[in-house]
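Listed below are the residues making up each chain.
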Amino acid sequence: MRLPTMIVVFGALLILTACERGGKVDPAAEEQKIRTLIGQWGTVMAAKDAKASAEFYAPDGVMMPPGAPIVTGREALTSAWQDLVAKPGFQLKIETTKLTVAKAGDMAYELGTYELAFDGDQGPVRDKGKYVVVWKKVDGNWKAAADIFNSDGPAK
């Protein structure tokens, strides 16, 4: 083999080896990172910090609340969270029931249940339901790409 051919072959082998090593993802470690974020997000929600809550979303992230238009982007998400946390007596509890990380380690989905309470214009509102959050990696960090939730039945 001539020297230039050997260099090309050697270079190709190096690239393949690097790709093989770089492709390894530890789904359990990625899942733990997301679970940590979920806990932090819960703390932020309990503190009624709308701006910090919106920071958990990707810049182009969306929220799809029931009975309302889709909310897109951090500014709109901050406003939507502000409207929610500003309600008197606001409380939101979430429980993750399933979290699955894609083999590639760049996407995940979370399923769970929630309990929402606040004082409405016509008395206390108590709502139980379920949600889905689709997580994606943005610049190496997990962010919520899509967040949708809906009631199990009419709010009481």
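Attention here is on the structure that accompanies the text. Residue indices follow the written sequence of each chain, beginning from 1 at its first position. Where totals are concerned, whole chains, interfaces and linings use all residues; where local detail is concerned, this predicted model gives features only for residues with pLDDT of at least 70, and gives and counts side-chain atom pairs only at 80 or more. As a convention, hydrogens and water are excluded, and side-chain values are obtained from all of the structure's heavy atoms.

**Considerations on the overall build of the protein**
Then step 1. Within the protein, the regular secondary structure consists of four helices and six strands.
Then step 2. Helices (α) and strands (β) of the protein occur, in sequence order from the N terminus, as α-α-α-β-β-α-β-β-β-β.
Then step 3. Contact definition: two residues touch when any of their heavy atoms are within 4.5 Å. Considering only intrachain contacts with a sequence separation of at least 6, the fraction spanning at least 24 residues in the protein is 50%.
Then step 4. Approximately 9,700 Å² of the protein is accessible, and the part contributed by carbon and sulfur atoms is 60%. In DSSP terms, a helix is any run of H or I states spanning at least four residues, a strand is any run of E spanning at least two, and both are numbered starting from the N terminus. In these tables, accessible area is a Shrake-Rupley quantity obtained with a 1.4 Å probe, and a residue counts as shielded only by the protein chains included in the view.

**A word on helix 2 (residues 27-46)**
Then step 1. To estimate how far a helix should extend, the number of its residues minus one is multiplied by 1.5 Å. Here helix 2 contains 20 residues, and its C-alpha end-to-end distance of 29 Å stays within 8% of the 28 Å for a straight helix at 1.5 Å per residue.
Then step 2. The complete set of buried residues in helix 2 reads Glu30, Ile34, Leu37, Ile38, Trp41, Val44 and Met45. All buried residues of helix 2 project into a common sector of 120° when viewed along the axis, lining one side. Facing away from the buried side of helix 2 by over 90 degrees, the exposed positions are Ala28, Thr43 and Ala46.
Then step 3. Lys48 lies just past helix 2 and shows a positive phi near 60°. When a residue's accessible area, from a 1.4 Å probe over protein chains only, is under 20% of the maximum for its type it is buried; when over 50% it is exposed; and in between it is partly exposed. Throughout, the arc means the angular range of directions from the helix axis out to the C-beta atoms.

**Quick notes on the packing of aromatic side chains**
Then step 1. Each pair of aromatic rings taken from Phe, Tyr and Trp, with Trp reduced to its six-membered ring, is defined by centres within 6.5 Å and is described as stacked if the planes are under 30 degrees apart, edge-to-face if over 60, and tilted in the remaining cases. On inspection of all chains with the given rule, the structure shows five aromatic pairs.
Then step 2. Seen from their ring centres, Trp41 and Trp135 are 5.9 Å apart, and the 80° between their planes marks the pair as edge-to-face. You can see Trp41 sitting in helix 2 and its partner Trp135 sitting in strand 5 (residues 123-138), a full 94 residues away along the chain.
Then step 3. Residue Trp41 is classed as buried on the basis of its relative accessible area, which comes to 6%.
Then step 4. An angle of 85° between the planes, with centres 6.0 Å apart, marks the rings of Tyr114 and Phe149 as edge-to-face. Of the two residues, Tyr114 is situated in strand 4 (residues 107-120) and Phe149 in strand 6 (residues 141-151); the sequence distance between them amounts to 35 residues.
Then step 5. Put simply, the rings of Trp41, Phe56, Tyr57, Trp81 and Trp135 pair up and form one aromatic cluster.
Then step 6. A ring is considered to have a charge above it if a Lys NZ or an Arg CZ atom is located within 6 Å of its centre and within 35 degrees of its normal. Seen from the ring of Phe118, Lys87 lies directly overhead, with NZ or CZ sitting 5.1 Å from the centre.

**Concerning the pairing of strand 3 (residues 91-101)**
Then step 1. At least two DSSP bridges between two strands are required for those strands to pair. Strand direction decides the pairing type here: strand 3 and strand 4, joined by ten bridges, are antiparallel. Each bridged residue has a counterpart across the sheet, and for Gln91 the counterpart in strand 4 is Ala117.
Then step 2. Between strand 3 and strand 4, which follow one another and run antiparallel, lie five residues, and Gly105 among them has a positive phi close to 75°.

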